[in-house]
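Residue-level structure breakdown
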Amino acid sequence: MTATGEGLAAWPPVAVAAVLAAVVGSADTLLGTAVAGVWALVRWRRDVAREERDRAWARFVWTVDHACDDDVGRAEVGRSTDRAMSRMQILRADDAAIGKIVLDLISEGDADDGGRPGGRAHRTRP
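Here the structure is a predicted model, which is why all the values come from computation and not from measurement.

Right, let's talk about helix H2 (residues 72-88) for a bit. One full turn of an α-helix is made of 3.6 residues, so residues set three or four places apart face in the same direction. The first and last C-alpha atoms of H2 sit 24 Å apart over 17 residues, in line with the 24 Å expected at 1.5 Å per residue. Those residues of H2 lying buried are Ala 75, Gly 78, Arg 79, Asp 82 and Met 85. In an axial view of H2, the angular spread of the buried residues amounts to 120 degrees, which keeps them on one side of the axis. The outward face of H2, more than 90 degrees from its buried face, is lined by the exposed residues Arg 87 and Met 88.

To continue, consider the pattern of salt bridges. For the structure on display, the rule yields 4 salt bridges. Notably, a salt bridge pairs Asp 65 with Arg 74, separated by 3.9 Å at the nearest N-O pair. You can call Arg 74 partly exposed: its relative accessible area is 33%. With a closest N to O distance of 2.9 Å, Asp 69 and Arg 74 form a salt bridge.

Let us look at the side chain of Thr 63. Mapping Thr 63 onto the fold places it in helix H1 (residues 13-67). If we ignore the near neighbours within four places in the chain, the residues touching Thr 63 are Gly 78, Thr 81, Asp 82, Met 85 and Leu 103.

The rules behind the values
- Residues numbered from 1 in each chain as written.
- Predicted model: local features only at pLDDT ≥ 70, side-chain atom pairs only at ≥ 80, totals over all residues.
- Heavy atoms only, no water.
- Helix = DSSP H or I, 4+ residues; strand = E, 2+ residues; numbered from the N terminus.
- Expected span 1.5 Å × (residues − 1).
- Buried < 20%, exposed > 50% of the residue type's maximum accessible area, 1.4 Å probe, protein only.
- Arc of directions from axis to C-beta.
- Salt bridge = Lys/Arg side-chain N within 4 Å of Asp/Glu carboxyl O.
- Contact = heavy atoms within 4.5 Å.

Take a look at the structure:
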């Protein structure tokens, strides 16, 4: 600004354009940075949720594999893990419903008439 009080009107048009370009450019940069930060946070949270779900399903598959094993010790470990997973609510929401159905089928009782609990009628060995 000038000492005479004329303000921006006394500035050359090129100087006004340069100041406006700098202000608009800075605002665009800040907006772009904010959008990129929010997008990165959303992607990170989605990736973390996907990894947690994958780990939960890996534990579930391990439990089912052990619960269906013909070895009595491994089958007992699988059934114990089944009960622990149910209590800890490792599987979330819709996954828990599917997991409960599968685990109920596995631990349903004496389906193979072998005197062991575990419902092994769905698994056959040659």
